[in-house]
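# Secondary and tertiary structure notes
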Amino acid sequence: MSSQNAARILGGDEPVEEIYYRKGDIDFCFLLNRRHHNLRVFDYRVGNYQQKRDFFDRIARAEGLRKVFTVVEKQDSKSWRSVGFSREGAIPGYFRTADAYIMSRVYTDEGEPIQGGAPKLTVPPLPSGKEPKEKDLKHTVKPRGLTFEVVADSARLQETTKEIGASGLYAPFRRGVFNPDIAIRASLNKREYWVGAETDSSFGHAKVDMLTPPLKDVELPVLEFCVKTLLDELIKLETASVFALCAADWTLSNQVYGELGFKVTARLTDHITREDEFIGAQLWHRRLVHLPTPKLSSILV
């Protein structure tokens, strides 16, 4: 299949598009993010991996993509590595009882895959004394004068994401719905703050996004409280763990996650686009509750 044929398969111009593809023994779905010039593969474990890689190489050239990536269990990561994808990190507990590996393929401006795998991402250090720490979420203080509400109305969340998502570098991670399904909206000194989450009840995890990232040091307590409040709501929904993607050079945003006990488990090269510039992202992870593993005896009863 040529690049022109790949372009005809896509044929759309939406910022984010979910596409199903099935031909011969290849069967999968992928999420094309034109705003951030990347593509996430949802693989059905069917078909030759080299054919899959060649297919996505052609789409990358046709769409001007910087990256193709997939999130898979450990045993599947070896097959992707064998055809030129690189492991950039992991999402602990993503599949509830198993970690997910992020396997990526990065391309040059000419659309050619970078040989040797994704270049290592260099990240500015957090300020001294602001390194990630274990923190009891119960002791996050509500700033004086701040008001907030929990928002779960899908139409409102969709409209809000359209209005402010781009400035917050929001990038949907799941299939079907391209906006958070629960959020905290807060207000202080005539400024609004939005923090949302894409939830997955099947696997008990959620992706958190600060749709309005902090711009100044004085806003850190506000965003810290908003994220903490969102985590409390997610615990009510029996969410076991959360993760967040954050621009590597957004020191204040990274500091919020570090203050709330998140840990960096992946560094993703050229993962998002800001003002026509490819920038890396850090993946932060935090476990909210520890789910007990079923005992063998209880399974056999």
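Here the residue index of a chain counts from 1 through its sequence in written order. Where totals are concerned, whole chains, interfaces and linings use all residues; where local detail is concerned, this predicted model gives features only for residues with pLDDT of at least 70, and gives and counts side-chain atom pairs only at 80 or more. For the side-chain quantities, the full set of heavy atoms in the structure was used; hydrogens and water were omitted.

Only protein atoms enter the 1 Å grid, on which a cavity is a set of points fitting a 1.4 Å probe that cannot get out and a pocket is an open set with protein on both sides within 12 Å along at least 5 of 7 lines, lining residues being those with an atom within 4 Å of a point. Grid points are joined across faces, edges and corners, and a volume is the space filled by probe spheres set on the points. By volume, the largest pocket amounts to about 480 Å³. In terms of lining residues, the largest pocket is bounded by 26 residues, among which Arg 40, Phe 42, Tyr 94, Phe 95 and Phe 203 are the most central. Each helix corresponds to a stretch of at least 4 residues labelled H or I by DSSP, and each strand to a stretch of at least 2 residues labelled E; elements are numbered beginning at the N terminus. Breaking the lining of the largest pocket down by element, the ones donating at least two residues are strand 3 (38–43), strand 4 (67–72), helix 3 (74–82), strand 9 (191–200) and strand 10 (205–210). With four residues, the single largest contributor to the lining of the largest pocket is strand 3. All residues other than Ala, Val, Leu, Ile, Met, Phe, Trp, Tyr, Cys, Pro, Asp, Glu, Lys and Arg, Gly among them, are scored as polar; the first ten of these are nonpolar and the last four charged. Residue composition of the lining of the largest pocket, grouped by class: 13 nonpolar, three polar and ten charged. Considering only enclosed or pocket space, the second largest pocket measures out at about 310 Å³ in volume.

Moving on to empty space enclosed by the protein. Taken as a whole and assessed by the stated rule, the structure comprises two cavities of 30 Å³ or more. In this model, the largest cavity occupies a volume close to 170 Å³. As for the largest cavity, its lining consists of 15 residues, and the residues nearest its centre are Gly 168, Leu 169, Asp 209, Leu 245 and Cys 246. Mapped onto the lining of the largest cavity, the elements with two or more residues apiece are strand 10, strand 11 (241–247) and helix 6 (251–259). Classifying every residue of the lining of the largest cavity by side-chain character gives eleven nonpolar, two polar and two charged. Looking at the second largest cavity, its volume works out to about 100 Å³. Contributing to the lining of the second largest cavity are Leu 31, Asn 33, Asn 38, Arg 40, Phe 69, Ala 171, Pro 172, Phe 173, Leu 245, His 271 and Ile 272. When residues of the lining of the second largest cavity are traced back to their parent elements, those giving at least two are strand 2 (26–33), strand 3 and strand 12 (263–274).

A pair is scored as a salt bridge if a Lys or Arg side-chain nitrogen falls within 4 Å of a carboxyl oxygen belonging to Asp or Glu. Enumeration according to the criterion identifies 19 salt bridges in this entry. Here Asp 270 and Arg 66 are joined by a salt bridge, their closest N and O atoms 2.9 Å apart. Highlighted residues: Asp 270 in strand 12 and Arg 66 in the loop between helix 2 (49–63) and strand 4, separated in sequence by 204 residues. Note that Glu 198 and Arg 174 form a salt bridge whose closest N and O atoms lie 3.9 Å from each other. Taken as a pair, Glu 198 in strand 9 and Arg 174 in the loop between helix 4 (154–164) and strand 8 (182–188) lie far apart in primary sequence, 24 residues in all. The structure contains a network of salt bridges with shared partners spanning Arg 174, Asp 181, Glu 198, Lys 207 and Asp 209.

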